[in-house]
Amino acid sequence: MATKTEEKLFKEIQEIKKETKILKNLIFLLLKDPEGEYKKTFINRIQKKAKSKPQYVFTNKKEFLRQIRS
């Protein structure tokens, strides 16, 4: 009787492990960014541009329109 109980418990534990693995995978799928992962080269390029001096300075509406028209 004891071996049957142990075998039954072992099977149940294995089934629980499978279920938890599936649930973990589902949770990680839900937490991923819907747009995908950014490439490292893109990140580096954006960080470099963020540190550089801006090309245009907008002070008022007329100046803004003049700069985007040219």
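These numbers were taken from a predicted model, which means no experiment stands behind them.

What counts as what
Along each chain, residue indices are assigned from 1 in the same order as the chain's sequence is written. Only residues with pLDDT of at least 70 get local features here, since the model is predicted, and only at 80 or more are side-chain atom pairs given and counted; chain-wide, interface and lining totals rely on the full set of residues. Side-chain descriptors were evaluated using all non-hydrogen atoms of the structure, hydrogens and water having been removed beforehand. Secondary structure elements follow DSSP: runs of H or I no shorter than four residues count as helices, runs of E no shorter than two count as strands, and numbering proceeds from the N terminus. Only protein chains enter the accessibility calculation, which uses a 1.4 Å probe. A residue is then buried if its area is under 20% of the maximum for its type, exposed if over 50%, and partly exposed in between. For the accessible areas, the method is Shrake-Rupley and the probe is 1.4 Å, while residue cover comes only from the protein chains on display. Under this rule, positive means Lys or Arg and negative means Asp or Glu; His and the chain ends count for nothing. For charged residues, the charge sits on one atom: NZ in Lys, CZ in Arg, CG in Asp, CD in Glu. The patch calculation keeps residues exceeding 30% relative accessible area without a salt bridge and links them within 9 Å when they carry like charges or within 5 Å when they are nonpolar (Val, Leu, Ile, Met, Phe, Trp, Tyr). Definition used for salt bridges: Asp or Glu carboxyl oxygen within 4 Å of a side-chain nitrogen of Lys or Arg. Helix span is expected to be 1.5 Å times the residue number reduced by one.

J.: Would you explain the overall build of the chain in this entry?
T.: Along the chain, the regular secondary structure elements total 3 helices and 0 strands. When the helices and strands of the chain are placed in sequence order, the string is α-α-α. A total of 70 residues make up the chain; the buried ones form 1% of that total. Put simply, the chain shows about 7,800 Å² of open surface, and 61% of that area lies on carbon and sulfur atoms. Taking the average place of the 19 positive charges on the side chains of the chain and the average place of its 9 negative ones, the gap between the two points comes to 17 Å.

J.: Looking at this structure, I do not really get a nonpolar patch on the surface. What am I missing?
T.: Together, Tyr56, Phe58, Phe64, Leu65 and Ile68 make up an exposed nonpolar region whose accessible area comes to about 480 Å². As for its position among the elements, Tyr56 is in the loop between helix 2 (40-51) and helix 3 (61-69). A relative accessible area of 46% places Tyr56 in the partly exposed class.

J.: Whenever I open this one, helix 1 (residues 2-31) confuses me. Can you help?
T.: Given 3.6 residues to a turn, an α-helix orients residues that are three or four positions apart in the same direction. Between its terminal C-alpha atoms helix 1 stretches 43 Å, which fits the 44 Å expected from 30 residues at 1.5 Å a residue. Here helix 1 lies mainly on the outside; 0 of its 30 residues are buried.

J.: I'm lost on the environment of Lys32 in this one. Help?
T.: For Lys32, the location among the structural elements is in the loop between helix 1 and helix 2. By relative accessible area, which is 55% here, Lys32 ends up exposed. Measuring from C-alpha to C-alpha, the distance between Lys32 and Phe42 comes to 19 Å, with 10 residues separating the pair along the chain.

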